[in-house]
Amino acid sequence: MYVDLKMRATINQKLTEMGERERLKELLRAKLTECGWKDQMKAHCKEVIKEKGLEHVTVEDLVVEITPKGRALVPDSVKKELLQRIRMFLAQHAT
Amino acid sequence: MSPAGCSHVNGYKVDNWKQNLRVIYQCFVWSGTAETRRRKVLQNDAGWTALAKSCICHICGAHLNRLHSCLYCVFFGCFSKKHIHDHAKNKRHNLAVDLLYGGIYCFVCQDYIYDKEMEQIAKEEQRKAWKLQAGIGEKYTTWEPTKRELELLRHNPKRRKITTNCTIGLRGLINLGNTCFMNCIVQALTHTPLLRDFFLSDRHKCEMQSNSCLVCEMSQLFQEFYSGHRSPHIPFRLLHLVWTHAKHLAGYEQQDAHEFLIAALDVLHRHCKGDTTRDDNGKKANNPNHCNCIIDQIFTGGLQSDVTCQVCTGVSTTIDPFWDISLDLPGSSTPFWPLSPGGDGSAVNGESHLSGSTTLTDCLRRFTRPEHLGSSAKIKCGGCHSYQESTKQLTMKKLPIVACFHLKRFEHSAKLRRKITTYVSFPLELDMTPFMASSKESRMNGQYQQTVDVLNNDNKYALFAVVNHQGTLESGHYTSFIRQHKDQWFKCDDAIITKATIKDVLDSEGYLLFYHKQFLEYE
């Protein structure tokens, strides 16, 4: 468990240092917009706001409501592509 | 979540708070590129590594879990695991900033707050960091209505919601006497997304004195189509204008839909003078070859013609603009087979060769094959200064946003006039990469095996309209299939609109095929 966390931190560090993290974020943003995920999430947010009422809803309410749905709706193809990019990057910069 | 902010920030807004806040945004939130981080914050790689390492939770070491930075001291904590909450309670530091999105959280209000001054600082730092990132320029910001626009929206409360199965934009057209050739082109044009967006956002500024501007009439037509009325529209004014401006199409006999398309695009292009972009001096671009009207932006492509001298192998290249690609069919008097080698077009476009049926990519391969011009058509070669035999090859230099393919079904040769009814199968999605001038250059440089670059989306097209002709050369009828939303197809037979399946569309004969680029990039 500890090893896993350390590995995550190392990978993240490497990605951040070389600016790859930002590039991957932009790629992911573009992909999620293209496939309509962003619009789906927007629509879901609006529903939650309507339910809870505009005056009372907090950001936390929205985060709790849409996080599971958002995670579930990411297309497999997008996940695959991101994973492939990260693998390629790590292979190129292996120490 | 009041837009007026919360009173608890007042405790923070003392001394040099603005500069402190800026530093937090610069270093930890909008860090921009490695360059900006290196330049703004630290001087060496080791120190830079320390920065990346420091963006972790001080309690558990995680870098995910919605990391927040305390605004009062140097402390990072997870939001999800409540580590930053504990810190806030223990130290009574009530404000923290979300390192992912830059939002300010107030632990007393227990929500993100929006303070005008802090928002201003956040926006400025974000813009600065974005500008420094290579090759992006301005960050995209969402549209916010102006005061005037808000006023208009309040005065006009009617709203139309577009759901996946609403059919707004779909309307039949009355046949005014053999005008089905015009009707099906109108259906294709009103369903061209970029054209629709242009007209619905009122981008046409008319400079014609008379009432005979076809672009204005198109604008009216879009208003009619998107009005929500379901009764068929009677396009008599459009027909009259077309007769006025394209006299060869006047009269009540059946005309060719393809001819009408070209004539309509030509008149629209000429009448778009008021909308051409202005150059830096505010002068209008008067050059007819450099028009930037909406028609040119959407429909104009560049066709490259390479003539190679057989003796000195010198190549003479010209590039001509085009609005459509006319493709010869097997069964016509022009020879169709054999095709050039290295035909990987079909593999890329996944068309099924149903026991020898011709595909659209077959026609495109034939169109872009090198053609020997023969001894009776010698060209004067600039290289060897004499008349020599040569080969000619056409490729696409620049692809238009909307590509229209015209299958030459109507043969008007000296010997005979007939309609070629050979079935040509066409795909829903088309990759034009094999027919590009750049692909041809790679092939010539010996790179025969071109790996299909899945990440390059520039040449991918999607079918959105099909115009079909039923009957004979003497008496026939035009209908069209058009696509709404992602995969809903409708058959437009003058005033009658019916739902159609993708199979109906792909099984149809096909006369004019309209493809739209799938991915649009900014220039």
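Residues numbered from 1 in each chain as written. Chains lettered and ligands numbered in written order. Predicted model: local features only at pLDDT ≥ 70, side-chain atom pairs only at ≥ 80, totals over all residues. Heavy atoms only, no water.

## As for the overall build of chain A
Put simply, the rule reads: Working definition: helices are DSSP H or I runs of at least four residues, strands are E runs of at least two. Numbering for both runs from the N terminus. A radius of gyration in this sense is built from C-alpha atoms; the matching globule rule multiplies 2.2 Å by the number of residues raised to 0.38.
When helices and strands are tallied, chain A shows five helices and zero strands. Mapped in sequence order, the helices and strands of chain A form the string α-α-α-α-α. Here chain A has a C-alpha radius of gyration of 17 Å; the compact-globule value for 95 residues is 12 Å, and the former is much larger. Seen through its C-alpha atoms, chain A measures out along the principal axes to roughly 55 × 30 × 20 Å.

## Focus on the packing of aromatic side chains
All names here are of chain B. Heads up, the rule is: Stacked, tilted and edge-to-face are the three classes applied to pairs of Phe, Tyr and Trp rings, where Trp contributes its six-membered ring and a pair requires centres within 6.5 Å; stacked means planes under 30 degrees apart, edge-to-face means over 60, and tilted covers the rest. Using a 1.4 Å probe on the protein chains alone, a residue whose accessible area is under 20% of its type maximum counts as buried, one over 50% counts as exposed, and one in between counts as partly exposed.
In this structure the tally under the stated criterion is 14 aromatic pairs over all chains. Geometrically, the ring pair formed by Phe28 and Phe76 is edge-to-face, given 5.0 Å between the ring centres and 75° between the ring planes. With Phe28 in helix α1 (residues 17-29) and Phe76 in strand β2 (residues 76-78), the pair connects residues that are 48 residues apart, well separated along the chain. Relative accessible area serves as the criterion here: at 22%, Phe28 is assigned to the partly exposed category. The exposure class of Phe76 is buried, given its relative accessible area of 3%. Here the aromatic cluster, defined as three or more aromatic residues joined through ring pairs, consists of Phe79, Tyr105, Phe107 and Tyr112.

## Let's talk about the sheet that holds strand β1 (residues 67-70) of chain B
Backbone hydrogen bonds are what pair the strands of a sheet, in a parallel or an antiparallel way. Residues and elements named next belong to chain B. The condition is simple: Here the rule is simple: two strands pair whenever DSSP picks up at least two bridges between them. Interaxial angles span 0 to 180 degrees and are taken between N-to-C directions of axes, which are lines fitted to C-alpha atoms, for helices over the stretch in contact.
Pairing in this open sheet of five strands is antiparallel, and the strands run β2-β1-β3-β4-β5 from one edge to the other. Both outer strands of the open sheet, β2 and β5 (111-113), are each paired with one neighbouring strand and no more. For this sheet the average axis-to-axis angle between neighbouring strands, irrespective of direction, equals 40°. When strand β3 (residues 95-98) meets strand β4 (residues 104-106), the two strands line up antiparallel, connected through three bridges. What sits directly across from Leu95, in β4, is Cys106.

## Here we look at helix α7 (residues 180-190) of chain B
Judged by how many residues are buried, α7(B) sits mostly within the fold: eleven of eleven residues are covered. Turning to α7(B), its buried residues number three or more, namely B:Cys180, B:Phe181, B:Met182, B:Asn183, B:Cys184, B:Ile185, B:Val186, B:Gln187, B:Ala188, B:Leu189 and B:Thr190.

## With respect to the pattern of salt bridges
Residue and element names in this part refer to chain B. The cut-off we apply is this: Each reported salt bridge corresponds to a side-chain nitrogen of Lys or Arg within 4 Å of a carboxyl oxygen of Asp or Glu.
According to the stated counting rule, one finds 23 salt bridges over all chains in the structure shown. Its salt-bridge partner being Lys13, residue Asp115 comes within 2.9 Å of it at the nearest N-O pair. Within this pair, whereas Asp115 is found in the loop between β5 and α5 (116-132), its partner Lys13 is found in the segment before α1, the two being separated by 102 residues in sequence. With its nearest N and O atoms 3.3 Å apart, the salt bridge here joins Arg366 to Asp328. Here Arg366, found in helix α14 (residues 360-367), pairs with Asp328, found in the loop between β8 (325-327) and α13 (345-349); they are 38 residues apart in sequence, far enough to count as distant. When its relative accessible area of 7% is taken as the criterion, Arg366 is described as buried.

## Structural notes on empty space enclosed by the protein
Residues and elements named next belong to chain B. Filter applied, for reference: A 1.4 Å probe that fits but cannot get out identifies a cavity on a 1 Å grid over protein atoms alone, an open set with protein on both sides within 12 Å along at least five of seven lines counts as a pocket, and a residue lines either if it has an atom within 4 Å of a point. Grid points are joined across faces, edges and corners, and a volume is the space filled by probe spheres set on the points. Residues were grouped as follows: Ala, Val, Leu, Ile, Met, Phe, Trp, Tyr, Cys and Pro as nonpolar; Asp, Glu, Lys and Arg as charged; and all remaining residues, including Gly, as polar.
What the rule picks out here adds up to four cavities of 30 Å³ or more. Taken as a whole, the second largest cavity spans an internal volume of roughly 50 Å³. Every residue along the wall of the second largest cavity is listed here: Val186, Leu189, Leu214, Met218, Leu238, Phe260, Ala264 and Leu268. Of all the secondary-structure elements, those providing two or more residues to the lining of the second largest cavity are α7, α9 (214-225) and α11 (257-271). Looking at side-chain class alone, the lining of the second largest cavity contains eight nonpolar, no polar and no charged residues.

## Concerning the environment of B:Gln518
All names here are of chain B. Position of Gln518 among the secondary structure elements: in the segment after β23 (512-517). Taking the relative accessible area as the measure of exposure, Gln518 reaches 31% and is therefore partly exposed. Residues Gln518 and Lys18 lie 500 residues apart in sequence; the distance between their C-alpha atoms is 45 Å.

## Digging into the sheet that holds strand β10 (residues 371-372) of chain B
All names here are of chain B. Ordered in space as β7-β6-β13-β10, the four strands form an open sheet in which the pairing is antiparallel. The two strands at the open ends of the sheet, each matched to only one other strand, are β7 (315-322) and β10. Note: strand β6 (residues 301-309) against strand β13 (residues 390-398), eight bridges, orientation antiparallel. Following the sheet pairing, Gln304 is matched in β13 by Thr395.

## So, the side chain of A:Thr58
To be explicit about the condition: Only heavy atoms enter the contact rule, under which two residues are in contact if any of them lie within 4.5 Å.
Assignment of secondary structure puts A:Thr58 in the loop between α3 (37-52) and α4 (59-73). The exposure class assigned to A:Thr58 is buried, which follows from its relative accessible area of 19%. When neighbours within four sequence positions are excluded, A:Thr58 is seen to be in contact with B:Gln110 and B:Asp111.

## Concerning the packing of α7(B) against α9(B)
Residue and element names in this part refer to chain B. To keep it simple, the criterion reads: Oblique is the label for every angle not falling under 35 degrees (roughly parallel), over 145 degrees (roughly antiparallel), or within 65 to 115 degrees (roughly perpendicular).
Running from amino to carboxyl end, α7 crosses α9 at an angle of 80°, the nearest separation of the two axes being 11 Å. In terms of orientation, α7 lies roughly perpendicular with respect to α9. Contacts from Val186, Gln187, Leu189 and Thr190 in α7 reach Met218, Leu221, Phe222 and Phe225 in α9. Class assignment of the residues belonging to the contact of α7 with α9 gives a composition of six nonpolar, two polar and no charged.

## Structural notes on the nonpolar core
All names here are of chain B. What counts, and what does not: What makes a nonpolar core is a set of buried Ala, Val, Leu, Ile, Met, Phe, Trp, Tyr and Cys residues whose side-chain atoms join them at distances within 4.5 Å.
Formed by 58 residues in total, the largest nonpolar core has its most connected members in Leu195, Ala257, Ile295, Phe299, Tyr478 and Phe514. Discounting chain neighbours no more than four positions away, the residues touching Leu195 are Leu189, Phe222, Ile294, Ile295, Ile298 and Phe299. Residues Leu303, Leu407, Val466 and Leu513 belong to the second largest nonpolar core, which totals 31 residues.

## Overview of the pairing of β3(B)
Residue and element names in this part refer to chain B. Residues Leu95 and Val97 of β3 are buried on one face, and the alternating residues Ala96 and Asp98, pointing to the opposite face, are buried as well. The sheet contact formed by β1 and β3 spans three bridges and is antiparallel. Bridged to Cys70 within β3 is Ala96. Here β3 folds back onto β4 in antiparallel fashion, the turn holding five residues, of which Gly102 has a positive phi close to 80°.

## So, a positive patch on the surface
For the record, the criterion: In this analysis, a patch consists of residues with relative accessible area above 30% that form no salt bridge, clustered at 9 Å for like charges and at 5 Å for the nonpolar side chains Val, Leu, Ile, Met, Phe, Trp and Tyr. Computed by Shrake-Rupley with a 1.4 Å probe, the accessible areas treat only the displayed protein chains as cover when residues are assessed. Charged residues are defined here as Lys and Arg on the positive side and Asp and Glu on the negative side; His and the ends of the chain fall outside this count. The atoms used to mark charge sites are NZ of Lys, CZ of Arg, CG of Asp and CD of Glu.
On the surface, A:Lys38, A:Lys42, A:Lys46, A:Lys50 and B:Lys161 cluster together into a patch of positive charge. Its place among the elements puts B:Lys161 in the loop between α6 (147-155) and α7. Residue B:Lys161 is classed as exposed on the basis of its relative accessible area, which comes to 70%.

## Some points on the confidence of the model for chain A
Heads up, the rule is: What pLDDT conveys is the predictor's confidence in a given residue, as a value from 0 to 100.
Residues at a pLDDT of 70 or more form 96% of chain A, whose mean pLDDT is 85. Across chain A, α3(A) holds the top mean pLDDT of 91, while helix α1 (residues 2-17) of chain A sits lowest at 76.

## Overview of α9(B)
Residues and elements named next belong to chain B. For the record, the criterion: One less than the number of residues in a helix, times 1.5 Å, gives the span that helix is expected to have.
The end-to-end C-alpha distance of α9 is 16 Å, a good match for the 16 Å that twelve residues give at a rise of 1.5 Å each. If you check which residues of α9 are buried, you get Leu214, Val215, Glu217, Met218, Ser219, Leu221, Phe222 and Phe225. Tucked inside the fold, the buried residues of α9 contact α7, α8 (193-200), α10 (236-245) and α11.

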